[in-house]
Each structure stands twice: as C-alpha cells, then as structure tokens.
Amino acid sequence: MTNDYGLSLWGDSNFIVDGGKICLNNDFKPAIIDIVKDIRDDGYRGPLLLRFPHLIKKQIVQVYSNFERAKKEFGYSGTFNAVYPLKVNQYPGFVENLVKLGSPYGYGLEAGSKAELLLAMAYNNYDAPITVNGFKDKELINLGFIAAEMGHNITLTIEGLNELKAIISTSKERFAPKPNIGLRIRLHSSGTGVWAKSGGINSKFGLTSTELIEAVNLLKDNGLIEQFTMIHFHIGSQINEIHPLKKALIEAGNIYAELRKMGASNLQAINLGGGLAIEYSQFKEHPSRNYTLKEYANDVVYLLKTIANQKNEIEPNIFIESGRYIAANHAVLVAPVLELFSQEYAEEKLVLKKKNPPLIDELYDLYTTIKPSNAIEYLHDSIAHMESVLTLFDLGYVDLQDRSNSEVLVHLVMKKAISLLGNKQNYAELLKIQEEVQERYLVNFSMFQSLPDFWGLGQNFPVMPLDRLDERPTLSASIWDITCDSDGEISFDANKNPLFLHDIDVEKEEYFLGFFLVGAYQEVLGMKHNLFTHPTEATIYLKDNGKYEIKNILESQSIMDILEDLDYDIHAIRDTLNERIENSNLVDEKQKKHILGELYLFLNDNGYLKTIG
Ligand SMILES: *Cc1c(COP(=O)(O)O)cnc(C)c1O
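Analysis parameters
- Residues numbered from 1 in each chain as written.
- Predicted model: local features only at pLDDT ≥ 70, side-chain atom pairs only at ≥ 80, totals over all residues.
- Heavy atoms only, no water.
- UniProt positions renumbered as here; feature names shortened; annotations may be inferred.
- Helix = DSSP H or I, 4+ residues; strand = E, 2+ residues; numbered from the N terminus.
- Buried < 20%, exposed > 50% of the residue type's maximum accessible area, 1.4 Å probe, protein only.
- Contact = heavy atoms within 4.5 Å.
- Areas by Shrake-Rupley, 256 points an atom, 1.4 Å probe, with all protein chains shown as cover.
- Lys, Arg positive; Asp, Glu negative; His and termini not counted.
- Charge placed at Lys NZ, Arg CZ, Asp CG, Glu CD.
- Core = buried A, V, L, I, M, F, W, Y, C linked by side-chain atoms within 4.5 Å.
- Domains from an automatic or database assignment.
- Pairing = 2+ DSSP bridges.
- Arc of directions from axis to C-beta.
- Axes fitted to C-alpha atoms, helices over the stretch in contact; angles between N-to-C directions.
- Phe/Tyr/Trp six-rings, centres within 6.5 Å; stacked < 30°, edge-to-face > 60°.
- Near = heavy atom within 4 Å.
- Polar contact = N/O pair within 3.5 Å; in protein donor to acceptor, adjacent residues only side chain to side chain.
- Nonpolar A, V, L, I, M, F, W, Y, C, P; charged D, E, K, R; others polar.
- Parallel < 35°, antiparallel > 145°, perpendicular 65-115°, else oblique.
- Left-handed = near helix turned anticlockwise from the far one by under 90°.

The chain is annotated in an unreviewed UniProt entry as Arginine decarboxylase from Campylobacter iguaniorum. Per UniProt, the chain carries the Function (unreviewed entry) text "Catalyzes the biosynthesis of agmatine from arginine."

Q: Please give an account of the overall build of the chain that cites residues and values.
A: The helix and strand tally for the chain stands at 21 helices and 20 strands. Buried residues in the chain amount to 54% of all 613 residues. Taking all contacts inside the chain whose residues are at least 6 apart in sequence as the whole, residues at least 24 apart take part in 76%. With an accessible surface of roughly 27,000 Å², the chain has 51% of that area assigned to carbon and sulfur atoms. In the chain, 60 positive and 83 negative side-chain charges are present, and the distance between their average locations comes to 6 Å.

Q: Run through the nonpolar core, naming residues and quoting values.
A: Ranked by internal contacts, the top residues of the largest apolar core, which has 169 residues, are Leu50, Phe233, Tyr296 and Phe515. Top contributing element to this core by residue count: helix α14 (residues 400–423), with ten residues. For this core, the domains that each give at least three residues are domain 1 (1–42 + 338–457 + 465–556) and domain 2 (53–321). Dropping the residues within four chain positions of it, Tyr296 is found in contact with Phe67, Ile242, Leu245, Leu272, Gly274, Leu276, Tyr291 and Ile320.

Q: Can you tell me about the pairing of strand β12 (residues 331–340), naming the residues and giving the values?
A: It is a general feature of regular strands that their side chains alternate between the two faces of the sheet. For β12, the buried fraction is high: nine of the ten residues fall into the buried class. Where strand β3 (residues 48–51) and β12 come together, four bridges link them in antiparallel fashion. Bridging across to β12, Leu48 finds its partner in Val334. Bridge analysis of β12 against strand β18 (residues 512–515) gives four bridges, and the strand direction is antiparallel. Bridge pairing in β18 places Pro336 opposite Phe512. Summarising the sheet, β12 and strand β13 (residues 439–443) pair through three bridges and their orientation is antiparallel. Within β13, the residue paired with Glu339 across the bridge is Leu442.

Q: So what about helix α2 (residues 32–41)? Which residues, and what values?
A: Within α2, the full set of buried residues consists of Ile32, Ile33, Ile35, Val36, Ile39 and Arg40. One side of α2 holds all its buried residues, which, seen down the axis, span an arc of 155 degrees. The positive-phi residue at the C-terminal boundary of α2 is Gly43, with phi of around 100 degrees.

Q: Could you give an account of the environment of Lys416, naming the residues involved and the relevant values?
A: Within the element layout of this structure, Lys416 appears in helix α14. Residue classification places Lys416 among the partly exposed residues on the basis of a relative accessible area of 26%. Beyond its immediate stretch of four places on either side in the chain, Lys416 contacts Tyr367, Thr368 and Ile370.

Q: Quick one: what's the story with the UniProt feature "modified residue: N6-(pyridoxal phosphate)lysine" (unreviewed entry) in the chain, residue by residue and with numbers?
A: Here the UniProt-annotated "modified residue: N6-(pyridoxal phosphate)lysine" (unreviewed entry) positions come out as Lys87. Within the secondary structure, Lys87 is located in the loop between β4 (80–85) and α4 (92–102). What Lys87 contacts, discounting residues up to four positions off in sequence, is Glu116, Tyr521 and Val524.

Q: How would you summarise the sheet that holds strand β8 (residues 180–184) if you had to cite specific residues and measurements?
A: As summarised here, the arrangement of the eight strands in space is β4-β5-β6-β7-β8-β9-β10-β11, forming a closed barrel in which the pairing is parallel. Averaged over all neighbouring strand pairs, the angle between strand axes comes to 25 degrees, with direction disregarded. Two strands pair when backbone bridges link them, and strand β7 (residues 153–158) and β8 are joined in this way by four bridges, in the parallel orientation. When the sheet's bridge partners are listed, Thr155 is paired in β8 with Asn180.

Q: Report on the packing of aromatic side chains, specifying residues and quantitative values.
A: Scanning the model with the defined rule gives 20 aromatic pairs in all. On the basis of an interplanar angle of 85 degrees and a centroid distance of 6.2 Å, the ring pair of Phe67 and Tyr296 is categorised as edge-to-face. Of the two residues, Phe67 is situated in helix α3 (residues 53–74) and Tyr296 in helix α10 (residues 293–310); the sequence distance between them amounts to 229 residues. Plain terms: the ring middles of Tyr84 and Phe94 are 5.3 Å apart, the flat faces sit at 55 degrees to each other, and that makes the pair tilted. Here Tyr84, found in strand β4, pairs with Phe94, found in helix α4; they are ten residues apart in sequence, far enough to count as distant. On the basis of relative accessibility, which here comes to 0%, the residue Tyr84 falls in the buried class. Taken together, Tyr64, Phe67, Phe80, Tyr105, Tyr107, Tyr291 and Tyr296 form an aromatic cluster joined through their ring pairs.

Q: Lay out unusual backbone geometry in plain terms, naming residues and giving numbers.
A: Going from Ala176 to Pro177, the amide bond is cis rather than trans, its omega being -10 degrees. The residue Tyr5 is not glycine, and still its phi comes out positive at about 55 degrees. Along the chain, Tyr5 turns up in the segment before α1 (7–10). Its relative accessible area of 0% is what places Tyr5 among the buried residues.

Q: Any details on the site of the ligand? Residues and values, ideally.
A: Close to the ligand lie 17 residues; Lys87, Ser237, Glu321, Gly323 and Tyr521 are nearest. Backbone polar atom of Gly275 to an oxygen atom of the ligand: 2.9 Å apart, as the coordinates give it. Interatomic distance of 2.8 Å between a backbone N/O atom of Gly323 and an oxygen atom of the ligand. Expressed as a share of its isolated accessible area of 390 Å², the protein-covered part of the ligand is 92%. Taken together, the residues of the shell around the ligand break down into three nonpolar, nine polar and five charged.

Q: Can you explain the pairing of β18? Please cite residues and give values.
A: Burial along β18 is two-sided: Phe512 and Gly514 and Leu513 and Phe515, pointing in opposite directions, are all buried. Bridge count between strand β14 (residues 463–465) and β18: three bridges; the pairing is antiparallel. Bridging across to β18, Val463 finds its partner in Phe515.

Q: I'd like to hear about the packing of α3 against α10, residue by residue, with values.
A: Helix packing for two helices is described by the angle between their axes and how far apart those axes are. Direction vectors running N to C along α3 and α10 enclose 40 degrees, while the axes themselves pass 9 Å from each other. Here α3 is positioned oblique relative to α10, judged by the angle of their axes. As for how α3 packs across α10, the hand of that crossing is right-handed. Where α3 approaches α10, its residues Gln62, Val63, Asn66, Phe67, Arg69, Ala70, Lys71 and Phe74 are matched on the opposing element by Leu293, Lys294, Tyr296, Ala297, Asn298, Val300, Val301, Tyr302 and Lys305.

Q: Report on the side chain of Thr483, specifying residues and quantitative values.
A: Relative to the assigned elements, Thr483 resides in the loop between β15 (475–480) and β16 (489–490). A distance of 2.8 Å separates the side chain of Thr483 from the side chain of Asp481, its partner in a polar contact. Those residues in contact with Thr483 that sit more than four places away from it in its chain are Ser446, Phe448, Gly488, His529, Asn530 and Phe532.

Below you can see the structure in the form of structure tokens.
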C-alpha cells in the first residue's frame, strides 16, 4: 500500500496530500492537522468532529447538475427535485448549512417522524418540497395538514391503507390548502444488502398492487384524487449495485403509468427514495459500489423516459431523497493517538539476571543476531520461546522477572524485524510479519459514539494519519478506542485491508488519525456507551482569500450535562459529594474546599481523556 491510504478511491478529490500532510483540495491547501492544532491551541482536547460546508455544497451541486445534464441529454420534460432526509443527520451544524446552501436549487427536506417534521416546517426553504415517509398516526397527519395550511409544499406518503383512511377523515376536519398525497409502492424487485427490508415484496413498507387499486378508489370516492401526486419507493441505503435500482425503476414506471390510466390524473411524480452509494473503500480490490452518480442519473432519466413514452404518458417529475450521498463527506473525525501498546516493551525494561533460564538466553540471542534474511524465522522462534516461558511460569519454574524479560524480548525481536525489513526493500517479507503481529493504537475516541455503523454493521470508514505521509508507515495497526468494551476495537485484516501506521513515540510527538466520510448516520446513531458523548465539533469555512475560518465550536457535553440527560438530580449529586467530603476524615477546611473545587471542575468538563490527547 502506498501512503495515500486509498485517497484516490474514496477522497473524490476533496483532499490532497501535500508536504506529507492531508490537506483540503483548494488553491491554498490548508492542512487538516493545522486546523486541528488551531482548535487545540484554544484548549480543546479529545476527539474533534470537523464539518466542511463547502463539501455539502459540492454534493448538492453534483446531484442537481448531473440530473440537469441527463435531462438535457435525453430531452426529458419532467422536472428534477430533491429532498434531504433528516434522519441521516439532524444536527444543526449540518442542517443549517444544508438548507442555506440548497436554497438556490429549491432543495427540500424529508421527515420520518413528528420531531423531524416540525424541524422541516421550521427550517425548510418555503418554496422547496417537504416529503413525509414512515408510519403515521392521526397526530402526525394533522401536523402534515398544518404544514400545508402554513404554505409548505408538502407530500404525505402513505405506507398503508389505514394511514390513507386517517388522511381522509383528517381532511374533512381541516382547512385548505391540503397536503399532497403520495403512495409508497411495494416492489417485487427487492432491495440489496443489509437494508433489503426497505424494499421488496416482504418489505416493512408500502402498498401491494391490490392495495394501490383500493387506495385510488378510496381517493376518488372521497374527492381527494386531485391531491394524489406522487408514488414513492426506497429500496435501501448504500445500494452497491445499480441493477436492483434499474429493476425498481422499470416496475415503478409501469405502476405510475397504470395509476394514471386509472384516473390519477394529478399523479406527476416518482420519488426514488435514497440509496445512492458512496465509495468508502481504501482498496481498489474491494469497491463499495459499482456505479457513479452520472450513471445513476442517466439510468433514472433514460428508463423513466422510455416507459412513459411506451405507455404514452407524460414524463414524470423525478424526486430523490439521497441522504448518505449528500451528508457523508462533510464530516471528518480527528482523534489523537494516546498510546502504542508495544512501547511498554522498550529495551530499558529488560532486567536480565546473572543467570537466566536457558530460554531467556536464547531469546536474547535471537534479538542480538536477527538479520533481514532470518527475521521471520527468528520471530517465529521467539514467539514459541515466549509461550514456553509462560508455561514454565504457570508451573512455577520461572519467576515474574523471567516472564517480563521474555515479553520484552519478543517485542524487541518484533520491532527489530520490522525495522530491518522496513528500511530495506523487503516489503513483502515485512507484510508477512505484519500478518502475525499488529500494533495496537489506543485512540482517544469512542467507536460506539462516533462510528456506530462499524460496530453494528461492520461498515469500514477510511482512516489515515493526518501527517507523516511522506514517511513509510511500518506498523500494521489495529485501533482501540477508550471505552472499557472489548468490542471497541477496529481490527484490520493484514491480508485484505491492512492499515499501516507510523512508529511514533507519543511521549514526544503528537499523532492524529482522521476518520473520513462520517457525516451520514453516525452522529445521531452514536451511543453514550461509558458516557462518552458527541465529540467537540467545529465548522470550517473556506474564505475567498484562501484562509479558513473556524466557527461554531461546540465542546463535547460536560459530565454534569450527561448525568442530567440521564435524569440524575445534579443538585443532589453535588450535595452528596459535598456531604461526603464534610463527613470524611479530613480535618483541614482548606483541603476540603480544595477537593470540592476539583470535583466541580471535573463535573463541568467533558469525559474524554486529556493527558496527551
Ligand atoms: C433512509 C431513507 C432515505 C435516505 O437513504 P440514503 O441511503 O441515506 O440516501 C431516503 N428515503 C427514505 C424513505 C429513507 O427511509
């Protein structure tokens, strides 16, 4: 692997390596590590989530311009429209920028719950569409009517007939204007991947053909057929192959035409949902999608045009609800490395005796005579020797000092092997060693909070160091987070997807890892495992003069706020701590005051580690 960590695959030209650092790819190439240092200079520690609004803008522009281009190319007469599904990232640091940047395009919002709909009603650009998906009760439907009455261009998409019945009864109670109605269709062509339950005949959502016919009749009978404007499907997120989408489009196109022929004369739009995939992979052997946005747009426009023409119907307006594609690349998580585990095994830690057990002498011999030609063999021997020493220890034949010496020596052999091979042209040999030994990097972040999809779905995110990219990394790494959970590890298969990092001394120098494409789903799915909360965030605006501006720094929640969120009575906690200090054996009032002050400082600070990271 070269030192660009697959950037040319997943980076989409957003970043560039310059002077050994990963930088934003604009004229002035600010290095991410310099931005991080600026923020840390103000005293912030722990993991940092950086937001880049210029990347949100880039995705919005790409989506609209690709569809406009495809429409032109195929002479398509329907309009193109997009809404952003709030569930992908509801944080204000993202949404506020998105709404502002999307306003010239009439970019709207999609809501899947009452809370999200209220958010959409407050934030959406007035002329832009709102779509509402997901299960609805009478209240949510009422809220949809209120949005329409307020002047929003809103479409309530029905997941089942009982929702339609609730709309019909609500409609009799409310005022004009009324919301538009969409019907979610259940496709026989199914979705792909882990999200298959979103589409397909056994899908959790949508109306069967029988129900669609019944729905149209209900709408007609109740004078609401004019409100029926859209059909909708969503076959899943991160659709990695284009084929299922094409099948879904053909099916949906035909349903659209059939419903129009049944008298749904205001039905004008097909909403494709989300699912547009992004490339997460750092290895060209394992791409995470087999198509581009350009191909996606072409297929959508071409297929819908073909079907509409065949069936002699008007070409439908196209709606998409892509979330991941819009949000993922705007956020980068930066986390400081706290420790390399093998660094506990420095040569100074070796305390050899005058007379050592023979195995220890042999281990020492391996360490002093290892050379490139025998490195792998000696490594194997040393591991075997250490295992024997551990067995002898269990049997009581060697002491703790011997055991410690064997552990130190094996690590020294390992390190020497790596440096012998890393400095020569024996990279293939080095890889073989790395299959057996991985350096564990302890990193100041919580995987459960910041990369929950890695834990839940095995989703890999691109990861790389922010600097030293002009030095060859020599250590095959696995990443440990600071939760006490043994699941809090990101391991890398040394054959399939190794991560090589640098051999650094964290006592002397700082080393930061960047996790990329974390802007979709990760923030709100993040869990407070061990009470680690959303990291400190900052928004980075690129200015015309080439400088960047760091704004909206929001520090990670204080311990007091975390406890309050869990409904602890924070005053009672403070009183109890106070009381326990009062009732302790301390006699000096000044000491008591001092300790109490220290506790208050902790309560007002966040819980991430500070020492180095
Ligand atoms: C989740 C969801 C989306 C967004 O999907 P992405 O894969 O993030 O583009 C769009 N529409 C509906 C109905 C959804 O449930």
